Amino acid sequence: MAQPVAYKGWWPLCGSEELTDRKPVGVQCGDTRIAIYRDSDNRPRALEDRCPHRRVPLSLGRVTPDGFLQCGYHGWTFDGDNGDLIRIPNLSEGERVPQCAIRCYATTESNGLVYVCLGEESENPGAEAILEQPYRPGAREFRGVEHVPVSHEEFVAALMDGPDLVFGFTGVLFGERPLGDPRFDDGLLTLDRIAYWNWGGIGHANLGPLRHRADNPLMLRTRTEPVTGTTTAQVCDNEGHVLAQSLLACAPAARGTTAVRWRASVVAGSGVPSGKGPALLRALTRLGKSPFKVNSMIDGEALAALLPGPSDTWRQASRDSTPLSLSETA
């Protein structure tokens, strides 16, 4: 039987807006199940999602008014700072709480995401190892979560080799080939490819990409983190001005799927390029329409036919960063 993969380092497992100080959120990274919540000081906390009493998921419990995580079955309560058991409701007055603790994980917030540090504490880097993404939210931001039925590694590889298979911007068609080789900018694997306005659909020559190839070329720029695959995707004009952008936080989830938490916005304000394309994007945003989507289903035939390209560089960089190790248990 294949050995399970144990993930190490900092992984974006939750959006900041998903967490409250009332109810924990249950997430999974590989085979590791985690309950995340906010304590009474609004700090994110992450504990093993399993009560040692009856193995009930702690994510089914609640956050107490004083900021601790309480199991919903028999009320065992744990300190998010160290994982220690601190209360059992049915103990008699003066009866000592037995010594017991569960796994506690370090957390931090960056780019509107909650990162959880997995692996042995002695082996993991500090939060400063999280690479800063260039994504900056606009006045109106859209958010979503998709669970895509493909493995994490193959999802990120498809994002680099054929981004149209996994995500899309409204009214934009991505070219098949990159503009040059991938490069590293501030630790992020950066790749440019040609893009076109495509408001009428590729099948309509009058309104589709052929009308705009000569006079309105665009560029899709992606910046991808080598370990987690977290990516900023930006649609730019031919002078490099950003028109629309998205941040995709990718993490391996249950049963070989990939959890993708995304946020997106259209750039507006002074200095933004004029034209029909940017104006239409801004108009749709004002109407509450997201300029971006992640495909919840991937065309398997197209994925199988996708030739390796820039993803080879990402795979090698990911392995060089040693984010993965096989656990010792079968």
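Residues numbered from 1 in each chain as written. Predicted model: local features only at pLDDT ≥ 70, side-chain atom pairs only at ≥ 80, totals over all residues. Heavy atoms only, no water.

Participant: Mind showing me how you'd approach the side chain of Thr224 here?
Facilitator: When you line up the elements, Thr224 lands in strand S18 (residues 217–224). Since its relative accessible area comes to 0%, Thr224 is described here as buried. Polar contacts involving the side chain of Thr224 include one to the side chain of Thr231, which spans 3.0 Å. Discounting residues that sit within four places of it in the chain, Thr224 has contacts with Val156, Leu159, Met160, Leu188, Leu189, Gly229, Thr230, Thr231 and Trp314. (Helix = DSSP H or I, 4+ residues; strand = E, 2+ residues; numbered from the N terminus. Buried < 20%, exposed > 50% of the residue type's maximum accessible area, 1.4 Å probe, protein only. Polar contact = N/O pair within 3.5 Å; in protein donor to acceptor, adjacent residues only side chain to side chain. Contact = heavy atoms within 4.5 Å.)

Participant: Got a minute to help me understand the sheet that holds strand S12 (residues 113–118) in this structure?
Facilitator: Consider a sheet: its strands pair through backbone hydrogen bonds, and that pairing is either parallel or antiparallel. Here we have three strands laid out as an open sheet, ordered S2-S12-S11, and antiparallel in their pairing. Strand pairing shows two members of the sheet lacking a second neighbour, strand S2 (9–15) and strand S11 (107–110), which therefore form its edges. The average undirected angle you get between the axes of adjacent strands in this sheet is 35°. (Pairing = 2+ DSSP bridges. Axes fitted to C-alpha atoms, helices over the stretch in contact; angles between N-to-C directions.)

Participant: What is the right way to read the packing of helix H1 (residues 152–161) against helix H5 (residues 311–320) from this model?
Facilitator: The relative placement of two packed helices comes down to the angle between their axes together with the axis-to-axis distance. In the contact formed by H1 and H5, the axes pass within 8 Å of each other and the chain directions differ by 140°. As summarised for this structure, H1 and H5 are arranged oblique, according to the angle between their axes. Contacts between H1 and H5 involve Glu153, Glu154, Val156, Ala157, Met160 and Asp161 from the former and Ser311, Trp314, Arg315 and Arg319 from the latter. Here the contact of H1 with H5 is composed, by residue class, of four nonpolar, one polar and five charged. (Parallel < 35°, antiparallel > 145°, perpendicular 65-115°, else oblique. Nonpolar A, V, L, I, M, F, W, Y, C, P; charged D, E, K, R; others polar.)

Participant: Please explain the pattern of salt bridges as it appears in this structure.
Facilitator: Pairs may arise between side chains of opposite charge once their charged atoms sit close together. Enumeration over the complete set of coordinates arrives at 20 salt bridges. Linking Glu141 and Arg143 is a salt bridge whose minimum nitrogen-to-oxygen distance equals 3.5 Å. For Arg143, a relative accessible area of 45% corresponds to the partly exposed category. The network of salt bridges with shared partners includes Asp39, Asp41, Arg43, Arg45 and Asp81. (Salt bridge = Lys/Arg side-chain N within 4 Å of Asp/Glu carboxyl O.)

Participant: What exactly am I supposed to notice about the confidence of the model for the protein here?
Facilitator: Keep in mind that low pLDDT regions are not for reading the predicted coordinates in detail. Per-residue confidence for the protein gives a mean pLDDT of 87, with 88% of residues at or over 70. Here residues 203–215 is a poorly scored stretch, pLDDT under 50, and it has 19 contacts once near neighbours within four places are set aside; other chains count. For residues 323–330, every residue scores under 50 in pLDDT, and the model assigns this stretch 23 contacts once sequence neighbours within four places are set aside. (pLDDT = per-residue confidence, 0-100.)

Participant: Help me understand the environment of Phe68 in this model?
Facilitator: Following the sequence through the fold, Phe68 ends up in the loop between strand S6 (62–63) and strand S7 (69–70). On the basis of relative accessibility, which here comes to 19%, the residue Phe68 falls in the buried class. For the pair Phe68 and Asp39, spaced 29 residues apart in sequence, the C-alpha to C-alpha distance is 6.5 Å. In this structure, Phe68 is in contact with Tyr37, Arg62, Val63, Thr77, Phe78, Asp79, Gly80, Ile86 and Arg87, ignoring residues within four places of it in sequence.

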